Amino acid sequence: MRPVFRSSSSLSRIRWALRNQERNSSTFSSKSRKLLVGVHQNEALVNANTCNSTLFSRLSFSRGLSAEAVEAADAAIKLTVSSSGLFLSNQTRPISEVFVLLEFSMMVDIVICKTADVNRTGPLVEYERRISDGELMTGDICQLGALKELQRLHDQLVESVDTCRLDRYNTSDKSSRCRSRWFWSRIMPQSTVSPVKGLYLYGGVGTGKTMLMDLFFDQLPCTWKKQRIHFHDFMLTVHSRLQKHKGLSDPLEVVAQEIAHDAILLCLDEFMVTDVADALILNRLFGHLFSNGIILVATSNRNPDKLYEGGLQRDLFLPFIASLKERNVVHEIGSAVDYRKLTSAEQGFYFIGTDLSTLLKQKFQELIGGNVVARPQVVEVVMGRKLQVSLGANGCAYFPFEELCDRPLGAADYFGLFKKFHTLALEGVPVFGLHNRTAAYRFVTLVDVCSSPVMYENRARLLCTAEATPQELLEKIVTISDAKSMSPRTSSRSRKNDVSELCVDNELGFAKDRTISRLTEMNSKEYLEQHAITHNL
């Protein structure tokens, strides 16, 4: 006989209160769960006289129901069992005194209990745990907004794991080869755009974007087809694969299929476009990636509408911005806090002054070991290219500034360098301005690669001598809007004869805050201690 429900108004009050609690509390599951309770005659034993509250403690009193939910739950619901089924009646005993022991053998009916899931996982849950354990500072309200978006994406991915083909051990095209799929796609074009939108997270420097991406990425199963990579490194991989497939009618399509074969969830840190070669292929590349089901999570300092601003042939780049916004939720972290600058300063790795070559070489010798002799080396960096190292030993490399930043080198060379060396001694960093704008670009890229959190074991240590503090090194480089407020005469272009000697460059002016922030962090006690632990120094 089917269960009969009485006291429907009390039951409705509990349902309403729990729904309201779940809707408004960030610790509750983003989607309601159903607790399926199999009830069959003589198979449900309900003891209404015990004070054991195990059921409801599991159903998240421990996580804190609202006062409204507790009041409704204590509305005197008593559970009794008779041979005819399960009854609910108005009594005066609190529900916290009800203990239900259920044996599942046959499902006959369903009691729906909307509540929090104590086994819930995700970046928001991990964030709360780290704050509770003292690993992170008290929650930043701006970070919490981003975490809710990451948690939303986490929950949608968990729910759509099969549809999105995320599990690498449960995919139908394991045995397919990318070139074969490319061949058949010529005959029967197919699109498998993901039903789940990704996330484009942007904000100021040092606001915790990479840390939040880490939380998100690390909470996902290791069996998923996922990849987390720095945007520079990702584009290097793309160009390398394009070389491999040159001669095909559309090598970008094959590259996209290869990427999707390895990772459906693609997490790109520090999404920024400064290279015209990258800008011209991104629209077609990501068009193919999205068609292959790729889900993108990206962090950036720039609003998507500001990407590649002022770049050559930007009109050809604009369709990519539209596609990026269509396939991703765009969320800004509005925090004004630069957490990198809250670290503890450590003396001895950033020396200010001129003619400090002897001092730097002395410090370099201390790092490699007193009896070790450093010698010139040649290292292979990327795609067969080689880089001459002035002095190298025991994972440490020594360069004059001109050798790294006044030569035609780029992110690929710097990535290759830091895969070989964990410490860089850089001699003679100058104050930047109009006369050495190109060197400033390379220095910004060098610092980005050196301190990139996404490099894991390759995150490097920088020992350098410079003409000024990090802030002073780049103070003459400004954006157009900054120049207008400082000196109207230089807002249209930079001139060598300007009294202010400003270098007006939107991209470089925007990047300088990030560089200053990173130089500060790299000289912190926390950064250097973590580097020593990572490299067993």
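Use the structure listed above.
Here is what the cut-offs are and how they apply
Residues numbered from 1 in each chain as written. Predicted model: local features only at pLDDT ≥ 70, side-chain atom pairs only at ≥ 80, totals over all residues. Heavy atoms only, no water. Helix = DSSP H or I, 4+ residues; strand = E, 2+ residues; numbered from the N terminus. Expected span 1.5 Å × (residues − 1). Buried < 20%, exposed > 50% of the residue type's maximum accessible area, 1.4 Å probe, protein only. Arc of directions from axis to C-beta. Salt bridge = Lys/Arg side-chain N within 4 Å of Asp/Glu carboxyl O. Pairing = 2+ DSSP bridges. Axes fitted to C-alpha atoms, helices over the stretch in contact; angles between N-to-C directions. Phe/Tyr/Trp six-rings, centres within 6.5 Å; stacked < 30°, edge-to-face > 60°. Lys NZ or Arg CZ within 6 Å of the ring centre and 35° of its normal. Contact = heavy atoms within 4.5 Å. Left-handed = near helix turned anticlockwise from the far one by under 90°. Nonpolar A, V, L, I, M, F, W, Y, C, P; charged D, E, K, R; others polar. Right-handed = clockwise from strand over helix to strand, strands pointing away.

Caption draft 1: A look at helix α12 (residues 357-368). For α12, which comprises 12 residues, the first-to-last C-alpha distance of 17 Å matches the rise-based estimate of 16 Å (1.5 Å per residue) to within 8%. Of all the residues in α12, the buried ones are L360, F364 and I368. Along the axis of α12, the buried residues cluster in a sector spanning 70 degrees; they form a single face. With respect to the buried face of α12, the exposed residues turned more than 90 degrees away are T358 and E366. Where α12 ends, the next residue or the one after it, G369, has phi of about 115 degrees, a positive value.

Caption draft 2: Representation of the pattern of salt bridges. By the definition in use, this model includes 18 salt bridges. The salt bridge involving R152 is made with E149; its shortest N-O contact spans 3.3 Å. In this pair, R152 and E149 both sit in helix α5 (residues 141-159), three residues apart, roughly one turn of the helix. Each of the salt bridges in this network shares a partner with another, and the network as a whole consists of E126, R129, R130 and D133.

Caption draft 3: Quick peek at the sheet that holds strand β7 (residues 265-269). Pairing within the open sheet is parallel, and its five strands lie in the order β6-β7-β8-β5-β9. Both edges of this open sheet fall to β6 (226-230) and β9 (328-333), since each of them pairs with a single strand only. The mean inter-strand angle of the sheet, taken between neighbouring strand axes irrespective of direction, is 10 degrees. Bridge count between β6 and β7: five bridges; the pairing is parallel. Bridged to R228 within β7 is C267.

Caption draft 4: The packing of aromatic side chains, seen in detail. If you walk through the whole model with that rule in mind, you get 14 aromatic pairs. Taking the centre distance of 6.3 Å and the plane angle of 45 degrees together, the rings of Y200 and Y202 count as tilted. Overall, the relative accessible area of 0% leaves Y200 in the buried class. An aromatic cluster is built from Y200, Y202, F231, F234, F271, F286, F290, Y308, F317 and F320, whose rings are joined through pairwise contacts. The ring of F217 carries K226 above its face, with NZ or CZ at 4.2 Å from the centroid. Above the ring of F510, the side-chain terminus of R302 is found at 3.9 Å from the ring centroid.

Caption draft 5: How the structure looks around helix α4 (residues 123-132). Burial in α4 covers these residues: P123, L124, E126 and Y127. Viewed end-on, α4 has its buried residues packed into an arc of 160 degrees, placing them on one side of the element. Residues of α4 that are buried sit in contact with α5 and α7 (209-218). Of the residues trailing α4, G134 is marked for its positive phi of about 80 degrees.

Caption draft 6: Here's a closer look at the sheet that holds strand β14 (residues 423-429). In spatial order, the strands read β10-β15-β14-β13-β12-β11; together these six strands make up an open sheet with mixed pairing. Looking at the sheet topology across the chains shown, the edges are occupied by β10 (350-352) and β11 (375-380). Sheet twist, expressed as the average angle between the axes of neighbouring strands with direction ignored, equals 25 degrees. As defined by bridge partners, β14 adjoins strand β15 (residues 461-466) across five bridges and the pair is classed as parallel. The residue bridging L424 from the neighbouring strand is L462, located in β15.

Caption draft 7: Region of the structure containing the environment of R375. Topologically, R375 is positioned in strand β11. Separated by 14 residues in the primary sequence, R375 and V389 have C-alpha atoms spaced 8.6 Å apart.

Caption draft 8: Spotlight on the packing of helix α14 (residues 411-420) against helix α15 (residues 437-451). Following both chains from N to C, one finds α14 and α15 inclined at 40 degrees, their axes separated by 9 Å at the closest point. Crossing of α14 over α15 shows right-handed handedness. Contacts between α14 and α15 involve A411, Y414, F415 and F418 on the former and, on the latter, R442, T445, L446, V449 and C450. Residues of the contact of α14 with α15, tallied by class, amount to seven nonpolar, one polar and one charged.

Caption draft 9: Broad picture of the environment of D355. In this fold, D355 is placed in the loop between β10 and α12. On a C-alpha basis, the gap between D355 and E427 in space is 9.5 Å, while along the polypeptide they are 72 residues apart.

Caption draft 10: Highlighting the pairing of strand β8 (residues 295-300). Buried residues dominate β8, accounting for six of its six residues. On β8, burial covers both faces: I295, V297 and T299 on one face and L296, A298 and S300 on the other are all buried. Note: strand β5 (residues 198-203) against β8, four bridges, orientation parallel. Within the sheet, the bridge partner assigned to L199 lies in β8 and is V297. For β7 and β8, the ladder comprises four bridges, and the chain directions are parallel. Within β8, the residue paired with L265 across the bridge is I295. Each parallel crossover has a hand, and for β7 linked through helix α10 (residues 276-291) to β8 it is right-handed.

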